[in-house]
Structures are given as structure tokens and as C-alpha cells.
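This is what each chain is made of:
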Amino acid sequence: MKKICNVCLLGLGLCSLGACKPSDGSTYDNLRTCTPDDGSLDQEELTTFDGCQRLDGSVVLSNGFPARENLASIIVITGNLVGGGYVGDSMSLEGLESLEVIEGNFHFLEDNLVDYGGVPKLRSVGSFGSHGVPELVDFRGLESLTEVEGNFSVTGNPKLQSLAGLEGLERVHGDVRIRDNPLLPEEEVEAFLARVTVDGEVKGL
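Residues numbered from 1 in each chain as written. Predicted model: local features only at pLDDT ≥ 70, side-chain atom pairs only at ≥ 80, totals over all residues. Heavy atoms only, no water.

> Tell me what's going on with the overall build of the protein, and back it up with residues and numbers.
The helix and strand inventory of the protein stands at two helices and 15 strands. Expressed as a percentage of the 205 residues in the protein, the buried residues total 47%. Sequence separation of 24 or more characterises 45% of the internal contacts of the protein that already satisfy a separation of 6 or more. Total accessible area computed for the protein in this model is approximately 9500 Å², and 48% of it derives from carbon and sulfur atoms. (Helix = DSSP H or I, 4+ residues; strand = E, 2+ residues; numbered from the N terminus. Buried < 20%, exposed > 50% of the residue type's maximum accessible area, 1.4 Å probe, protein only. Contact = heavy atoms within 4.5 Å. Areas by Shrake-Rupley, 256 points an atom, 1.4 Å probe, with all protein chains shown as cover.)

What follows is the structure in C-alpha cells.
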């Protein structure tokens, strides 16, 4: 039996059902699964998750994770991968080089994320958001991202200059909102919208 991926975005009532497959065409049925006790991974649990391929839970990067070796084998995160609203030391996605799917939210809100390097295989997320990220200048590192199951939102990023890195994005199943990024050229936003299939609405440009 194929595993069915159920992506539901909180507050939106938007769900997507479909067969969940890795990029090689097989299924995720037989991945080694690890489940954090309270639904969100912490550093102590991570040390015991050697060889984990599917994380049935979420990762909040502001929780630290100075040692990320056991993140390297994770292919699927069934919950969220978020920053946690942490403005402080630089934050990175280093150590997640095998990650292909985030079934929940992939969001950063006022987090000091420097760039999206570290997830070269990421191809599908439940929803995508970058809001008020102070140092972000582009989206390089997300070249493999092809699909957003829910909403796509990029707002209020003071240094964002380009949508470079999102050239592979083909479809957004929810709404798109790109606004209040003072250095982002309008023509680049228009070209993005002309290229990407948006099933929902384009809001607040």
C-alpha cells in the first residue's frame, strides 16, 4: 500500500491528498521513522536518531541544534520546519542535505536566516513563508523546489533583492502573496507570476 500524504494548513482548511514518493519514483513506505516525544525535535532526542529518514514531527531551528549530524539522513519531515521567530545569531539550514519533503510549513518570521543553502534536494513543502527576515537577499539553495501544496508568501524582507533560486518552482496550490520587499524589482515578481501556476489567488501585490 502506498503511503498517503495528507497536508493540512492550519486556519486555511486546505488539504492535499496524494501518493508520497521520493524523487527516484519509489515510495516512502519503508523509511526509518523517528518521532519526537512532544512533537517537536530537541537536541537531546536528535542524538538518539541516528539513521532517521522520516521525522514524524517538527523542527524549530531556534531551539539550537549545534550538532546536526543526525539530521543529514532525514528525507521527509511530516510536520513543520520553521525558525521560531528568533532574531539573534545567524541561522542556517546546514545539515539537511537529504531533505526532499516538508509536509507542513516551511516558514521563517523575523528569523536571522542568512540563506536557503543546506537543502539542495528539497522539492515539495506544505506552505512557504519568508516574513521580515532581515538578512535574506535571495532564495538560492531552493533550486530543486518544484511545488508548494498550500500558500506561498514573501513579505517585508528589507534586503531581498531577487527571487533567484526559485526558478524550478512550477506550482503553488494555494494563494501567493509577494509584497513590501523594497529592493525586489516589480518586473521580477511579474515574471515569477507569469511562469508559476497558481491555483489560488494572487493577493496584495
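The structure having been displayed, the exposition proceeds.
> Could you give me a rundown of the pattern of salt bridges, with the residues and numbers involved?
Across all of its chains, the model carries seven salt bridges by this definition. A salt bridge links Arg123 to Glu100; the nearest nitrogen and oxygen atoms lie 3.4 Å apart. Of the two residues, Arg123 sits in the loop between strand S8 (101-109) and strand S9 (124-131) while Glu100 sits in the loop between strand S7 (81-82) and S8, which places them 23 residues apart along the sequence. Residue classification places Arg123 among the partly exposed residues on the basis of a relative accessible area of 21%. Between Arg179 and Asp180 there is a salt bridge whose closest N-O contact spans 3.7 Å. (Salt bridge = Lys/Arg side-chain N within 4 Å of Asp/Glu carboxyl O.)

> Talk me through the packing of aromatic side chains; I want residue IDs and the actual numbers.
Applying the stated criterion to the full structure yields nine aromatic pairs. Taken together, the ring pairs in this structure connect Phe106, Phe108, Tyr116, Phe128, Phe139, Phe152 and Phe192 into an aromatic cluster. (Phe/Tyr/Trp six-rings, centres within 6.5 Å; stacked < 30°, edge-to-face > 60°.)

> Mind laying out the pairing of S8, listing which residues take part and the relevant values?
Buried residues dominate S8, accounting for seven of its nine residues. Sheet topology places strand S6 (residues 76-77) next to S8; two bridges connect them, and they run parallel. Bridged to Val76 within S8 is Val101. Pairing geometry for S7 and S8, over two bridges, is parallel. Its bridge partner being in S8, Val82 is matched across the sheet by His107. Judged from the seven bridges that link them, S8 and S9 form a sheet pairing that is parallel. Its bridge partner being in S9, Ile102 is matched across the sheet by Val125. (Pairing = 2+ DSSP bridges.)

> Tell me what's going on with the environment of Glu110, and back it up with residues and numbers.
Tracing the sequence through the fold places Glu110 in the loop between S8 and S9. The spatial distance from the C-alpha of Glu110 to the C-alpha of Gly84 is 8.7 Å, given a sequence separation of 26 residues.

> Talk me through the nonpolar core; I want residue IDs and the actual numbers.
In terms of nonpolar packing, the biggest core is built from 45 residues, with Leu81, Phe106, Tyr116, Phe128, Phe139, Leu142 and Phe152 touching the most fellow members. At the level of elements, S8, S9, strand S11 (152-155), strand S13 (176-179) and helix H2 (186-195) are the ones that each hand at least two residues to this core. The element best represented in this core is S8, accounting for three residues. The residues contacting Tyr116, other than those within four sequence positions of it, are Leu93, Phe106, Phe108, Phe128, Gly129, Ser130, Leu136, Asp138, Phe139, Arg140, Gly141 and Leu142. By size, the runner-up hydrophobic cluster in this structure holds five residues, among which are Tyr28, Leu31, Ile75 and Val76. (Core = buried A, V, L, I, M, F, W, Y, C linked by side-chain atoms within 4.5 Å.)

> If you had to explain unusual backbone geometry to someone new, which residues and values would you point to?
Backbone geometry places Glu110, a non-glycine residue, at a positive phi of 60 degrees. Here Glu110 falls in the partly exposed class, since its relative accessible area comes to 46%. Here Asp180, not a glycine, exhibits a phi torsion of approximately 60 degrees, which is positive. Relative to the assigned elements, Asp180 resides in the loop between S13 and H2. For Asp180, a relative accessible area of 57% translates into the label exposed.

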